[in-house]
Amino acid sequence: MVVKVVTDSVSDISHAMADELGVTVVPLNVVFNGYTYRDGVDMTTDEFYEKLEHEEIHPTTSTPAPQVFSEVYDRLADETDGILVITIGSKLSATGESAFKGIEVMKKKCRVAVVVSELAMMAEGLLAIAAAKAARDGAGLDELVKLTNDNIPRVGLRIVFDTLEYLHRGGRIGKAQALMGSMLGINPVLGIKDGEVFPFGRERSRARAIDHLYEFVAGYSRIDELAVEDATTPDETGAFVKRLGAVFPRERIYLSKVSPVIGTNVGPSAIGVAVLGDK
Amino acid sequence: MSQMNSVAGQDLRDMFSAATSWLEKSSADIDALNVFPVPDGDTGTNMMLTMRSTMDEAYRAPDHSAAGVAHAMARGALMGARGNSGVILSQIWRGLAQGLEDKETFNAADLAAALQQSAQIAYKGVCNPVEGTMLTVMRDAAAAAQAQVDAGNEDVIALMEATVDAAAESVANTPKLLKVLLDAGVVDAGGQGVYTILEGALRYLRGETELMRLRKPQIIVSDIPHVVSQPQSIAIDEVPYGYCTEFLLKGEKLEPDIIKKRLLKKGESLIVVGDDSAVRIHIHTLTPGNILQLAAKLGTMHQVSIRNMDEQHQDFLEMQKERMPTTDTAVIAVVAGDGLTDVFGSLGAAAVVPGGQTMNPSTKDILQVVEATFSDKIIILPNNKNIIATANQVQSLTEKKIMVVPTKTIPQGVVAILSFDYEAEINANAEIMEKALSSVKTIEITRSVRATKINGLKIKRKQPIGLLDGELIAVGDTNLDVINQLLSRLGLEKVEVITIYFGEDAEEDETEQISAGIMEKYPHLQVESIRGGQPHYSYIISIE
């Protein structure tokens, strides 16, 4: 039986990718003005950014309950005898804990392995994509756990955005605190290091920040998977993807949207790139 | 959403019991916010322990009325208060108990009135109330609660939501009110504690207990820029902080107000709270013996704690180090002007040596700052061609590893520090920074000190002159004229960002005129003007 791959909505795996690869996406929650929306289910990404820019109240996010995971496990247990769950890092969210607790409360019998990735966004998404492809080719659960753990250090993520305001409001700044409160207009380049948000660069213009992303990708000697995601800037992203065609076949680049859960923290101008490969 | 109009004693107990667990999850993070010498080394832990004692007593309340539970909480808090923040917290519960006197249950109006009383009593306990601390946060929170009642709202949950929001905002505002917080780039730890307790209580009322098990309180982040330490404040002077002395005094007919008066001149951060049978005393003093002698005459002393605050200071410095990104290299910049000092601070400079054109610092001035900086690997940005040689001499006078990146102007210093790589070690960083220097051009506008002829230019005394990368190449009748001459010499097609740092003698109107003029002529440019506050140069312009 083919092992089923489950991930959370912070992986930014789109509905289309999930359908194609047979990945199940468990939504985190976005709380806006007292109302809870399931990420990507109750509110589309576009609706979310519309609200984010126009409403004064800052949204917060919350972890899915263990029951949400256990229901997914129970449903998948009818189709498989092995489930691999890949979640966002533990320093960024308690979703991994919830995924573990879901195992305790599930009713059916099925092997479930949880890998807490210490990553987020498409960096996490690429792990799920690589695992789903390997599962389709017949890899067993233990093999997939090893593959995913081996892949974690091979995934890199860089995000640029215009303002630190949103990250700031959300309080998830981590070591990027060092970039805070700058008096100059700066486009920060952030990534994740040791499970925490980490400052990788500070560029003086948007164009240079995008150059930074390009050079980051070009610095890899071998690229297995590549993903680009944005929030509300499709034209700019389109041009960037075109440029990336010089280092990786364009048709193989996964395109996605920054999920509202992360969007809450990075704001509408974010563009991110994730690479699975070797430097 | 559900509405709640009345709260019973059991709920009062359970909501703050939930708040205690909530605070417990955050206590280490709150400890990390601590700023010395604001009292106590471990605010989060102290508040958490105080809350535990508060709630232990609440479970021993003689009845289940709101008044009974609140009184038990106040008693428990006084008996178990730890540290400055714990003592103030105990006053908050005392105020709450007074406000809920004789109440079997309480409604929104009762709660608002009780919170107001809490804020008042908290202020009273402290001899010299300082704004920007938990006192301010409590007062702002209570005011928001009262505003809900005044607006006719009867829902306790809605009232608590407004209270928690106000507390959060107040916490974020604390660095504006208290300079030590601003300098350290943190919010007030005690204020964060009060916010966390109120938030925990609110979450309980909303029925979010399951969620509270999985999640963790968030530390409020302030949007006020972090300002760099001035060398005088970071120099390790031998200022003794003394001993943080605290104890519970038990006796009969104790008079807290009189005790307070007698201790007032014996130390700092004095807090005396309690009633006629138990008084809690907290003071920072150089002579704890005298305090204990005095107290021994009044009653019996319990839970006596005397801690050396200089040791706490060392722990604090270690903790500060951990908060920074994982780099052990510090950057020191030579800068004149308060605005530019802030710019370098906001970009991560560990310290600034005051100096620049016509006021070159000595090797000793730089050395002093190097020695006082908490790192063994230091990159110096001289930001002036006449200071590079001085900076280079520092290496031979210190054990620390020094690299000098030869920045000749402020804009070069800015691009250098911007390119700092938090992952790289010192040699690689010096190389990266030096490489970045070619990406910027610098215009400096000043006035000639005497009439002269140079580079084929005839210059009158006090006439505006312009330098491009240190070379005098333009003279004109106005600053604007000189700037325009210089800009037209540069090919601006490939330039993206122009930053104008205006000096202490620059006029606002003129600055606006200059930046508007550039934007009009070169619409593709991103133009920023920032107050540099530098002497001598009316304008320093960075062209990237």
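These numbers come from a predicted model, not from an experiment.

Here is what the cut-offs are and how they apply
Residues numbered from 1 in each chain as written. Chains lettered and ligands numbered in written order. Predicted model: local features only at pLDDT ≥ 70, side-chain atom pairs only at ≥ 80, totals over all residues. Heavy atoms only, no water. Helix = DSSP H or I, 4+ residues; strand = E, 2+ residues; numbered from the N terminus. Buried < 20%, exposed > 50% of the residue type's maximum accessible area, 1.4 Å probe, protein only. Contact = heavy atoms within 4.5 Å. Areas by Shrake-Rupley, 256 points an atom, 1.4 Å probe, with all protein chains shown as cover. 1 Å grid on protein atoms, 1.4 Å probe; cavity = no way out; pocket = protein on both sides within 12 Å on 5 of 7 lines; lining within 4 Å. Points joined across faces, edges and corners; volume = space filled by probe spheres on them. Nonpolar A, V, L, I, M, F, W, Y, C, P; charged D, E, K, R; others polar. Patch = residues over 30% accessible without salt bridge, like charges linked within 9 Å, V, L, I, M, F, W, Y side chains within 5 Å. Salt bridge = Lys/Arg side-chain N within 4 Å of Asp/Glu carboxyl O. Polar contact = N/O pair within 3.5 Å; in protein donor to acceptor, adjacent residues only side chain to side chain. Expected span 1.5 Å × (residues − 1). Phe/Tyr/Trp six-rings, centres within 6.5 Å; stacked < 30°, edge-to-face > 60°. Core = buried A, V, L, I, M, F, W, Y, C linked by side-chain atoms within 4.5 Å. Domains from an automatic or database assignment. Axes fitted to C-alpha atoms, helices over the stretch in contact; angles between N-to-C directions. Parallel < 35°, antiparallel > 145°, perpendicular 65-115°, else oblique. Left-handed = near helix turned anticlockwise from the far one by under 90°. Pairing = 2+ DSSP bridges. Lys, Arg positive; Asp, Glu negative; His and termini not counted. Charge placed at Lys NZ, Arg CZ, Asp CG, Glu CD.

Describing the overall build of chain B
Across its full length, chain B carries 21 helices and 18 strands. With 544 residues in all, chain B has 56% of them scored as buried. Within chain B, counting contacts between residues at least 6 apart in sequence, those at least 24 apart form 70% of the total. Here chain B has roughly 23500 Å² of accessible surface; of this, 49% comes from carbon and sulfur atoms.

Section: empty space enclosed by the protein
Residue and element names in this part refer to chain B. Scanning the model with the defined rule gives three cavities of 30 Å³ or more in all. If you add up the space inside the largest cavity, you get close to 70 Å³. Around the largest cavity sit Leu 89, Ile 92, Trp 93, Leu 96, Leu 115, Met 138, Val 194, Ile 197 and Leu 198, which together line it. Elements represented by at least two residues in the lining of the largest cavity include exactly helix H4 (83–99) and helix H9 (189–205). When the residues that make up the lining of the largest cavity are grouped by side-chain class, the tally is nine nonpolar, no polar and no charged.

Section: a nonpolar patch on the surface
Side chains of Tyr 243, Val 304 and Ile 306 of chain B sit close together on the surface and give an oily, nonpolar patch of about 240 Å² of accessible area. Along the polypeptide, Tyr 243 of chain B turns up in strand S3 (residues 243–250).

Quick look at the environment of Asp 12 of chain A
Residues and elements named next belong to chain A. Here Asp 12 lies in the loop between strand S1 (4–8) and helix H1 (15–21). Note on Asp 12: relative accessible area 3%, which makes it buried. Along the backbone, Asp 12 and Glu 229 are 217 residues apart, and their C-alpha atoms lie at a distance of 8.3 Å. Asp 12 has contacts with Met 17, Met 121, Met 122, Glu 229, Ser 256, Lys 257, Val 258 and Ser 259, leaving out every residue within four places of it along the chain. A distance of 2.8 Å separates a polar side-chain atom of Asp 12 from the backbone nitrogen of Ser 259.

Some words on helix H2 (residues 43–58) of chain B
Residue and element names in this part refer to chain B. Counted at 1.5 Å a residue, the expected span for H2 with its 16 residues is 22 Å, and the 22 Å between its end C-alpha atoms agrees. Taken as a whole, H2 has its buried residues at Thr 43, Gly 44, Asn 46, Met 47, Met 48, Thr 50, Met 51, Ser 53, Thr 54, Met 55 and Ala 58. Looking at the packing, one finds that the buried side of H2 touches helix H1 (9–31), helix H3 (66–80), H4, helix H6 (134–150) and H9.

Some words on the side chain of Thr 499 of chain B
On the secondary structure map, Thr 499 of chain B appears in strand S16 (residues 497–502). With a relative accessible area of 0%, Thr 499 of chain B lands in the buried category. Here the side chain of Thr 499 of chain B touches Arg 204 of chain A through a polar contact of 2.4 Å, side chain to side chain. Not counting the four nearest positions on each side in its chain, Thr 499 of chain B is found in contact with Leu 184 and Arg 204 of chain A together with Glu 528, Ile 530, Ile 540, Ile 541, Ser 542 and Glu 544 of chain B.

Overview of the environment of Ser 269 of chain A
Residues and elements named next belong to chain A. As for its position among the elements, Ser 269 is in the loop between helix H10 (260–266) and strand S13 (271–278). Overall, Ser 269 belongs to the buried group, its relative accessible area being 11%. Along the primary structure Ser 269 and Asp 162 are separated by 107 residues, whereas in three dimensions their C-alpha atoms are 6.1 Å apart.

A few points about the packing of aromatic side chains
Residues and elements named next belong to chain A. Under the defined criterion, the tally for this structure stands at seven aromatic pairs over all chains. Here the aromatic rings of Phe 69 and Tyr 73 are separated by 6.1 Å at their centres, their planes lie at 45 degrees, and the arrangement is tilted. One end of the pair is Phe 69 and the other is Tyr 73, both in helix H3 (residues 66–77) and four residues apart, which spans about a single turn. Of the residues examined, Phe 69 reaches a relative accessible area of 0% and is grouped as buried.

Describing the nonpolar core
Of all hydrophobic cores here, the largest spans 76 residues; its most connected members are Leu 12, Phe 16, Trp 93, Met 160 and Ile 197 of chain B. Here this core spans two domains, since at least three of its residues come from each of domain 1 (7–222) and domain 2 (243–314) of chain B. In contact with Phe 16 of chain B, other than residues within four places in its own chain, are Met 51, Met 55, Met 73, Trp 93, Ile 197 and Ala 201 of chain B. Counting residues in hydrophobic clusters, the runner-up holds 57 residues, among them Ile 13, Ala 135, Phe 161 and Val 197 of chain A.

Comments concerning the packing of helix H5 (residues 108–125) of chain B against H6 of chain B
Residues and elements named next belong to chain B. Running from N to C, H5 and H6 point in directions that differ by 155 degrees, and their axes come no closer than 8 Å. As far as their axial angle goes, H6 and H5 are roughly antiparallel. As for how H5 packs across H6, the hand of that crossing is left-handed. Residue-level contacts link Ala 108, Ala 109, Ala 112, Ala 113, Leu 115, Gln 116, Ser 118, Ala 119, Ala 122 and Tyr 123 of H5 to Leu 135, Thr 136, Met 138, Arg 139, Ala 142, Ala 143, Ala 145, Gln 146 and Val 149 of H6. Of the residues belonging to the contact of H5 with H6, the class tally is 14 nonpolar, four polar and one charged.

What about the sheet that holds strand S3 (residues 29–32) of chain A?
Residue and element names in this part refer to chain A. Read across the sheet, three strands follow the order S4-S3-S5 without closing on themselves; strand pairing throughout is antiparallel. Edge positions in the sheet fall to strand S4 (35–38) and strand S5 (60–62), since each has one partner strand and no second. Ignoring strand direction, the axes of neighbouring strands in this sheet form an average angle of 30 degrees. Where S3 lies against S4, four bridges are found, and the strand directions are antiparallel. Bridge assignment links Asn 29 to a residue of S4, and that residue is Arg 38.

Re the sheet that holds strand S9 (residues 187–193) of chain A
Residues and elements named next belong to chain A. Strand order across the open sheet formed by six strands is S10-S9-S8-S13-S11-S12, with mixed pairing between neighbours. Strands at the two margins of the open sheet, each flanked by one partner only, are strand S10 (196–203) and strand S12 (254–257). Across the sheet, the axes of successive neighbouring strands diverge by a mean angle of 25 degrees, strand direction being ignored. The pairing of strand S11 (residues 222–230) with S13 spans eight bridges and is antiparallel. Residue Asp 230 lies in a different strand from S13, and its bridge partner there is Ile 271. Sitting on the sheet, helix H9 (residues 234–244) touches S11, S12 and S13, and the angle it makes with S11 is about 165 degrees.

Considerations on a negative patch on the surface
A cluster of acidic side chains, namely Glu 504, Asp 505, Glu 507, Glu 508, Asp 509 and Glu 512 of chain B, defines a negative patch on the protein surface. Looking at the secondary structure, you find Glu 508 of chain B in helix H21 (residues 508–521).

Let's talk about the pattern of salt bridges
Two side chains with opposite charge may pair up if their charged atoms get near one another. Summed over all chains, the structure comprises 35 salt bridges over all chains. Close ionic contact of Asp 224 of chain A with Arg 222 of chain A constitutes a salt bridge, the shortest N to O distance being 2.9 Å. If you follow the salt bridges from partner to partner, you end up with Arg 204 and Arg 208 of chain A together with Glu 496, Glu 528 and Glu 544 of chain B in one network.

Here we look at unusual backbone geometry
Residues apart from glycine generally show negative phi values, whereas peptide bonds are mostly found in trans. Residue and element names in this part refer to chain B. With a phi angle near 60 degrees, Asn 383 is a residue other than glycine that sits in the positive phi range. Note that Asn 383 resides in the loop between strand S9 (377–381) and helix H17 (388–393). On the accessibility criterion, Asn 383 (6% relative accessible area) is buried. The backbone of Asn 455 sits at a positive phi, close to 50 degrees, despite the residue not being glycine. Counting through the fold element by element, Asn 455 comes out in the loop between strand S12 (452–454) and strand S13 (457–459).

A few points about the packing of H6 of chain B against helix H7 (residues 156–177) of chain B
Relative orientation and spacing of two packed helices are given, respectively, by the angle between their axes and the distance between those axes. Residue and element names in this part refer to chain B. It is at 8 Å that the axes of H6 and H7 come closest, and there the two elements cross at 145 degrees. Here the hand of the crossing between H6 and H7 comes out right-handed. On H7, the residues that touch Thr 136, Val 137, Asp 140, Ala 141, Ala 144, Ala 145, Gln 148 and Val 149 of H6 are Ala 158, Leu 159, Ala 162, Thr 163, Ala 166, Ala 167, Ser 170, Val 171, Thr 174 and Leu 177. In terms of residue class, the contact of H6 with H7 is built from 12 nonpolar, five polar and one charged.

Some details on the pairing of strand S18 (residues 539–543) of chain B
Residues and elements named next belong to chain B. Of all five residues making up S18, five are buried, and the element is well covered by its neighbours. Residues of S18 alternate between two faces, with Tyr 539, Ile 541 and Ile 543 on one and Ile 540 and Ser 542 on the opposite face, all of them buried. In the sheet, strand S11 (residues 441–447) pairs with S18 via five bridges, with the strands oriented antiparallel. Following the sheet pairing, Ile 445 is matched in S18 by Tyr 539. Across five bridges, S16 lies against S18 in antiparallel orientation. The partner of Phe 502 across the bridge, within S18, is Tyr 539.

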